[in-house]
Amino acid sequence: MPMDIQSIIQGYAQGHFLMSEGDNQPVEWYYSSKRTLIPLDQRFTYPRSLQRSLNQNRFEVKINKAFNEVVAGCADRDTTWISNELRQIYAALNQAGWAYSFETWYEGKLAGGILGISINGAFIGESMFYRVPDSSKVAMVKLVEHLRPRGFVLFDAQMMNPHLARFGALEISDRDYKKLLKTALEKSCSFI
């Protein structure tokens, strides 16, 4: 896939997202007719067991301090859709100010984080990972707390899984998603 940043951002702004079937496979556009959102209102919840970690302030939150390491952590799985080519695309998007890593640090080391793309009032969560228990969950809570006061209206998590459901994630129709995406893109929000 040619690395034309504006075309890539345009694709995301139309509701598509990039994936690869593996390292030797091409990066391609995907679209889902049902979209999973992390609510940015009172519907956002988190596991009660997480309250202790939040109260103890065990994790420090940073943005883009270890972007490539977060991407590597997200890709470090038995089966990954983040190919080497897609890593390069994320790095280019980060350099251009579109992609971000929202990180949790524990005892001076990267503990976990979330990789995402920010376009106006939309944050598109691409992936997350953890090395220390609760670190990615704390990142999720802190990211929602980061997005709310900045006026974001959409936190797109793309596809549902049991982990996201624990945070009140909900699936919406394509029609509702397109409306919400349009509203988000009309907002002028800054991620940092």
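*Asks:* What exactly am I supposed to notice about the overall build of the chain here?
*Replies:* A count of helical and extended segments in the chain gives seven helices and nine strands. Over its C-alpha atoms the chain spans a radius of gyration of 16 Å, differing by no more than 12% from the 16 Å that the globule rule assigns to 192 residues. Dimensions along the principal axes, computed over C-alpha positions, put the chain at roughly 45 × 35 × 30 Å. Here the chain holds 192 residues, and the buried ones make up 48% of them. Long-range pairs, those at least 24 residues apart, make up 72% of the contacts in the chain between residues at least 6 apart in sequence. Split by element, the accessible area of the chain, about 9700 Å² in all, is 46% carbon and sulfur. If the 22 positive side-chain charges of the chain are averaged to one point and the 20 negative ones to another, these points end up 9 Å apart.

*Asks:* Which parts of the structure should I look at to understand the sheet that holds strand S9 (residues 170-173)?
*Replies:* Strand pairing within a sheet occurs via backbone hydrogen bonds; the two strands may be parallel or antiparallel. One open sheet accounts for seven strands, arranged S4-S5-S6-S7-S8-S3-S9; its pairing is mixed. The open sheet has two free edges, formed respectively by strand S4 (60-63) and S9, since each of these has just one partner strand. Between one strand axis and the next, the sheet turns through 35 degrees on average, direction left out of account. With four bridges joining them, S4 and strand S5 (residues 99-106) adopt antiparallel strand pairing. Residue pairing in the sheet places valine 61 in a bridge with threonine 104 of S5.

*Asks:* Where do I start with helix H3 (residues 67-75) in this structure?
*Replies:* For H3, every residue scored as buried is listed here: Phe67, Val70, Val71, Gly73, Cys74 and Ala75. For H3, the secondary structure elements touched by its buried residues are helix H4 (84-95), S5, strand S6 (109-119) and strand S7 (122-130).

*Asks:* Honestly, H4 in this entry has me stumped. Any pointers?
*Replies:* The periodicity of an α-helix, 3.6 residues per turn, causes residues three or four places apart in sequence to face the same way. The first and last C-alpha atoms of H4 sit 17 Å apart over twelve residues, in line with the 16 Å expected at 1.5 Å per residue. Every buried residue belonging to H4 is among Leu86, Ile89, Tyr90, Leu93 and Asn94, and all of these are buried. With its buried residues spanning 140 degrees around the axis, H4 presents them on a single face. Immediately downstream of H4, the backbone of glycine 97 shows phi near 85 degrees, a positive value.

*Asks:* Sorry, what's going on with the packing of aromatic side chains here?
*Replies:* One pair of aromatic rings is described through two measures. These are the centre distance and the angle between the planes. Using the criterion set out here, one finds ten aromatic pairs in the structure. Between the aromatic rings of phenylalanine 44 and phenylalanine 167, the centroid separation amounts to 5.9 Å while the plane-to-plane angle is 25 degrees, which identifies the pairing as stacked. Of this pair, phenylalanine 44 sits in the loop between strand S3 (34-37) and helix H2 (51-56) while phenylalanine 167 sits in the loop between helix H6 (162-165) and S9, placing them 123 residues apart in sequence. Residue phenylalanine 44 is classed as buried on the basis of its relative accessible area, which comes to 11%. Of note, arginine 35 hangs over the ring of tyrosine 177, and the distance from its end group to the ring centre comes to 4.4 Å. Positioned above the aromatic ring of tryptophan 105, the side-chain terminus of lysine 62 is 4.4 Å from the ring centre.

*Asks:* I tried to follow the pattern of salt bridges on my own but got confused; where do I start?
*Replies:* Once the charged atoms of two side chains with opposite charge are near each other, the side chains can pair. In the structure shown here, the tally under the stated rule is seven salt bridges. Of the charged contacts in the structure, one is a salt bridge between lysine 137 and aspartate 134, with a shortest N-O distance of 3.8 Å. Overall, aspartate 134 belongs to the partly exposed group, its relative accessible area being 22%.

*Asks:* What should I look at first to understand the nonpolar core in this one?
*Replies:* A general tendency of soluble globular proteins is for nonpolar side chains to be buried together. In this structure, Ile38, Phe123, Met140, Leu143, Leu147, Phe155 and Phe191 are the most contacted members of the largest nonpolar core, which totals 28 residues. Of all the elements, helix H5 (residues 135-147) adds the most residues to this core, at seven residues. Look past the residues within four positions of leucine 143 in its chain and what remains in contact with it is Phe102, Ile114, Phe123, Phe155 and Phe191. Judged by nonpolar contacts, the second largest core, of 27 residues, contains Phe67, Cys74, Ile89 and Ile119.

What counts as what
Residues numbered from 1 in each chain as written. Predicted model: local features only at pLDDT ≥ 70, side-chain atom pairs only at ≥ 80, totals over all residues. Heavy atoms only, no water. Helix = DSSP H or I, 4+ residues; strand = E, 2+ residues; numbered from the N terminus. Rg over C-alpha atoms; globule rule 2.2 N^0.38 Å. Buried < 20%, exposed > 50% of the residue type's maximum accessible area, 1.4 Å probe, protein only. Contact = heavy atoms within 4.5 Å. Areas by Shrake-Rupley, 256 points an atom, 1.4 Å probe, with all protein chains shown as cover. Lys, Arg positive; Asp, Glu negative; His and termini not counted. Charge placed at Lys NZ, Arg CZ, Asp CG, Glu CD. Pairing = 2+ DSSP bridges. Axes fitted to C-alpha atoms, helices over the stretch in contact; angles between N-to-C directions. Expected span 1.5 Å × (residues − 1). Arc of directions from axis to C-beta. Phe/Tyr/Trp six-rings, centres within 6.5 Å; stacked < 30°, edge-to-face > 60°. Lys NZ or Arg CZ within 6 Å of the ring centre and 35° of its normal. Salt bridge = Lys/Arg side-chain N within 4 Å of Asp/Glu carboxyl O. Core = buried A, V, L, I, M, F, W, Y, C linked by side-chain atoms within 4.5 Å.

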